[in-house]
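Listed below are the residues making up each chain.
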Amino acid sequence: MMREGTQTKLNPRQQEEKQEMWRTIEVVATVEHVVDMYPAAVGSNVVDEHNLIPPFNFAMVDNGIFRSGFPDSANFAFLQRRNLRSIIYLCPEPYPEANTEFLKSNEIKLFQFGIEGYKHHMTPPHFVSEPFVNIPEDAIREALKVVIDVRNHPVLIHCNRGKHRTGCLVGCLRKLQRWCLSSVFDEYQRFAAAKARVSDQRFMELFDVSSVKHLPMCFSCSKK
């Protein structure tokens, strides 16, 4: 007969199971406490953290400026977390209905600067290819003015794959930031990879930024 005050000695496996049981109880209690305090947060934020998918070629350009390829519905939750105020769309085709609805529901303004490409046999975001027929300097200049206007931030710049059109616009922004050309080209090539085009780099080299107003102080203007 076991005397009062005497504890049964547990073997290592029983001890491990007991510890696991207490860990489970602790986790459940913590989750229930969070649900009681923040039911909406658990339902919409905690769960969605595992389902946030950025668009292809997504990256931060500068304070309040992002770049990417064409976003689709799988990327909407991710973009919603960026609290975008505007999107700069560099393709001539109409914006897809699903994307337009996403913009409306999140009060995001769309700036479209249609830059033509070759062989557009499919609807966005599934174009066949992306290279320029001709790079319209006026469109790039007007888009650049939207980019540097902090009232439009946070802003996402995108085309189809986030390589050529987006790369040229970002490259011109870098010139405005007084980056050296080698750094401008390095960044462009990092996103364009094997699709890098000499004509794009030539355009960025010759682009005249003198007609664009000076950058706001919030921008990173250090030379690269």
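Scroll up for the structure.
Every value quoted in this text rests on a predicted model; they were computed, and no experiment measured them. (Residues numbered from 1 in each chain as written. Predicted model: local features only at pLDDT ≥ 70, side-chain atom pairs only at ≥ 80, totals over all residues. Heavy atoms only, no water.)

### Topic: the overall build of the protein chain
Phase 1 of the analysis: For the protein chain, the helix and strand inventory stands at eight helices and five strands.
Phase 2 of the analysis: Split into buried and exposed, the 224 residues of the protein chain put 41% on the buried side.
Phase 3 of the analysis: Considering only residue pairs separated by 6 or more positions, the protein chain has 68% of its internal contacts joining residues 24 or more positions apart. (Helix = DSSP H or I, 4+ residues; strand = E, 2+ residues; numbered from the N terminus. Buried < 20%, exposed > 50% of the residue type's maximum accessible area, 1.4 Å probe, protein only. Contact = heavy atoms within 4.5 Å.)

### A short note on unusual backbone geometry
Phase 1 of the analysis: Cis geometry marks the peptide bond from H153 to P154; its omega dihedral reads -5°.
Phase 2 of the analysis: On the secondary structure map, P154 appears in the loop between α5 (137-148) and β5 (155-158).
Phase 3 of the analysis: Even without being a glycine, N57 presents a positive backbone phi close to 65°.
Phase 4 of the analysis: Turning to its location among the elements, N57 is positioned in the loop between α2 (39-46) and β1 (59-62).
Phase 5 of the analysis: Take N57: its relative accessible area is 18%, and that puts it in the buried class.

### Thoughts on the sheet that holds β1
Phase 1 of the analysis: Reading across the sheet, the five strands line up as β1-β2-β5-β3-β4 and stay open at both edges, with mixed pairing between neighbours. Every other strand in the sheet has two partners, leaving β1 and β4 (109-112) as the edge strands with one partner each. When strand polarity is set aside, the average angle formed by the axes of neighbouring strands in this sheet is 25°.
Phase 2 of the analysis: For β1 and strand β2 (residues 65-68), the ladder comprises three bridges, and the chain directions are antiparallel. What sits directly across from A59, in β2, is R67.
Phase 3 of the analysis: Running over the sheet, α5 touches β2, β3 (86-89), β4 and β5 and is turned about 160° from β3. (Pairing = 2+ DSSP bridges. Axes fitted to C-alpha atoms, helices over the stretch in contact; angles between N-to-C directions.)

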